[in-house]
Amino acid sequence: MSATCIAESPHGQVLYCPGCRVFHLEFGNLHLALWIEHLYELWETLGTLDAAEAERANAQARFRRKVRIPLKHSPADLLFTADETAELRDLLGRAVDRAVLPENAWAHTEEPDE
């Protein structure tokens, strides 16, 4: 993989691989390989989320992390603290801002490797 780091935070980074047109999100022990539209959807989801409210609403949940984010294209959910959610939102925002891609970058034919 010949990837370029387009955004970093204390606990993660976003890499872009021009050969496969995939963004690799590494955050803590999480790795997601995402097309640009899925990266953008995750960033938008985080932008509309009230993490403090989610923590309050899920205070009695047995999960250690109380902010639950469903992945739209997967049966998996992501669990974070409010602080982690804010850091991830900022990281993805910087990645989206720096994602200068050719016009046809949104057109893909294969699923990204996980």
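Here's what I pulled together on the structure shown here. (Residues numbered from 1 in each chain as written. Predicted model: local features only at pLDDT ≥ 70, side-chain atom pairs only at ≥ 80, totals over all residues. Heavy atoms only, no water.)

### Focus on the side chain of Thr85
Part 1: Looking at where Thr85 falls in the secondary structure, it is placed in helix α3 (residues 82-98).
Part 2: With a relative accessible area of 0%, Thr85 lands in the buried category.
Part 3: The residues contacting Thr85, other than those within four sequence positions of it, are Leu46, Leu49, Ala51, Val67 and Phe80. (Helix = DSSP H or I, 4+ residues; strand = E, 2+ residues; numbered from the N terminus. Buried < 20%, exposed > 50% of the residue type's maximum accessible area, 1.4 Å probe, protein only. Contact = heavy atoms within 4.5 Å.)

### Some remarks on the sheet that holds strand β3 (residues 22-27)
Backbone-to-backbone hydrogen bonds pair the strands of a sheet. The strands run either parallel or antiparallel.
Part 1: Spatial strand order, β1-β2-β3-β4: four strands in an open sheet with antiparallel pairing. Both outer strands of the open sheet, β1 (4-9) and β4 (30-34), are each paired with one neighbouring strand and no more. Averaged over all adjacent pairs, the angle separating strand axes in this sheet is 15°, with direction ignored.
Part 2: Sheet topology places β1 next to strand β2 (residues 12-17); five bridges connect them, and they run antiparallel. By the bridge assignment for β2, Ala7 is matched with Val14.
Part 3: Strands β3 and β4 of the sheet are contacted by helix α1 (residues 36-48), whose axis makes an angle of about 125° with β4. (Pairing = 2+ DSSP bridges. Axes fitted to C-alpha atoms, helices over the stretch in contact; angles between N-to-C directions.)

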